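# Working through the structure, step by step
Residues per chain are reported as follows:
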Amino acid sequence: MKTDLTDTTASKINKALVKGRRAIGTPAVGMVLTLVIVTDEENAYDALKAANDASREHPSRTLVVIKRVSRSPRDRTQSRLDAEVRVGADAGTGETVVLRLYGEVADHAQSVVLPLLLPDAPVVVWWPVDAPLDPAGDPLGALAQRRVTDTYSSEQPVRELTARAGTYKPGDTDLSWTRITPWRSMLAAALDQVSVEVKAVEVEGEEFNPSCELLAMWLADRLDVPVRRSLSSGPGLTAVRMETSNGPITLDRADGSLATLSIDGQPDRAVALKRRDTAELIAEELRRLDPDDTYASALRFGVHRLNVSNGQADTVETSPDVEAASDVEGASDVASDVEGAPEGPSAKGEPADGEAPAQAPAPEAAKPPALKPVPSGLSGKAAK
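Here is a short report on the structure shown in this document. No experiment lies behind these values; they were computed from the predicted model shown.

### As for the pattern of salt bridges
Applying the stated criterion across every chain yields a total of 19 salt bridges. Note that aspartate 53 and lysine 49 form a salt bridge whose closest N and O atoms lie 3.6 Å from each other. With aspartate 53 and lysine 49 both in helix 2 (residues 41-54) and four residues apart, the pair spans about one turn of that helix. Of the residues examined, aspartate 53 reaches a relative accessible area of 29% and is grouped as partly exposed. The partner of glutamate 204 in a salt bridge is arginine 241, and the shortest N-O contact between them spans 3.4 Å.

### Some details on the environment of leucine 161
Mapped onto the secondary structure, leucine 161 falls in helix 5 (residues 157-167). As a C-alpha pair, leucine 161 and valine 303 span 142 residues in sequence and 7.5 Å in three-dimensional space. Apart from residues no more than four positions distant in its own chain, leucine 161 is found in contact with Thr151, Asp174, Pro210, Glu213, Leu214, Met217, Leu299 and Val303.

### Observations regarding the packing of helix 2 against helix 9 (residues 278-287)
Look at helix 2 against helix 9: their axes get within 8 Å of each other, and the N-to-C directions meet at 55°. Between helix 2 and helix 9, the angle is such that the two are oblique. When you trace helix 2 past helix 9, the crossing you get is right-handed. Listed contacts from helix 9 to Ala50, Asp53 and Ala54 of helix 2 are Thr278, Ala279, Ile282 and Ala283. In the contact of helix 2 with helix 9, the residues fall into five nonpolar, one polar and one charged.

What counts and what doesn't
Residues numbered from 1 in each chain as written. Predicted model: local features only at pLDDT ≥ 70, side-chain atom pairs only at ≥ 80, totals over all residues. Heavy atoms only, no water. Salt bridge = Lys/Arg side-chain N within 4 Å of Asp/Glu carboxyl O. Helix = DSSP H or I, 4+ residues; strand = E, 2+ residues; numbered from the N terminus. Buried < 20%, exposed > 50% of the residue type's maximum accessible area, 1.4 Å probe, protein only. Contact = heavy atoms within 4.5 Å. Axes fitted to C-alpha atoms, helices over the stretch in contact; angles between N-to-C directions. Parallel < 35°, antiparallel > 145°, perpendicular 65-115°, else oblique. Left-handed = near helix turned anticlockwise from the far one by under 90°. Nonpolar A, V, L, I, M, F, W, Y, C, P; charged D, E, K, R; others polar.

Given below as structure tokens:
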């Protein structure tokens, strides 16, 4: 059942919801949370479809907030709220309200959403695209116990991970982190089967995929070993290789659906690691609404502490200062020194036991301070 309301108010929307529930014979409210989706017209359909699919597992009231851009200065001075109320089969197992905000009311979306929240129920805010750099500081994010973003949809996903680490608040999460849950489970299970010491790890995946960086940071933080990030043609994550005291452990997924787990001394095993759609990712995030401390620890480890290489040259997103410095005379010599840096404490920027810290050479006038050797991988414990 659908009800269209033009130039309406939150009070009229609530009345339409009650009337719709009575019309379909379910006057009671049996929903467990409120899901607020902040998006645009282009992505509203896909986001709402994923939310409706996830509502089969988590019955919820879904509020879709779409801020419409007025085309003329006169229209921008006129505030209007249009709503589309859906109950019954048109809204999955819950209720859906599509809110379109025009004019100045678009700058005060929280005042429209607040009266429509379910009482005494948790609130989750999801930005499928164009998420704020500080979700907890956003007026809509401040209403929620859980804030879901997706760095994969941003223009510079790897660089945005650094911004997320600086603004993280308990309750923040990322669908790029949710995508690697099966990988983390499989790698943890593989290490539980054998008693070994992990010496180094390599994470292979497509370029500009934040899930690869998050998995690499999680492994470096938890295992306290150097982790190398290498590039492949994808799709997504393709392989994780661990060097251990008893031989290599490899989890290789070349086709995006079926992976092969190889442990030295054991037969290879095929495991299912398919790429999941957005509905499955949202359903997983709605299962737990408490802060994800593991995600926070991995996020704060830092992308800059991973060695990203495709075998020829670093291709990770570079800051403007470093790009400008690449043309400076002598930059190639510095890059070659970084590639040939020995492993061990000296490669991490830490003096070896019993040795005094090395004196830093005097900086040359032609070399900007932005060009510094990138460590091959700092351990989480040592850094902390």
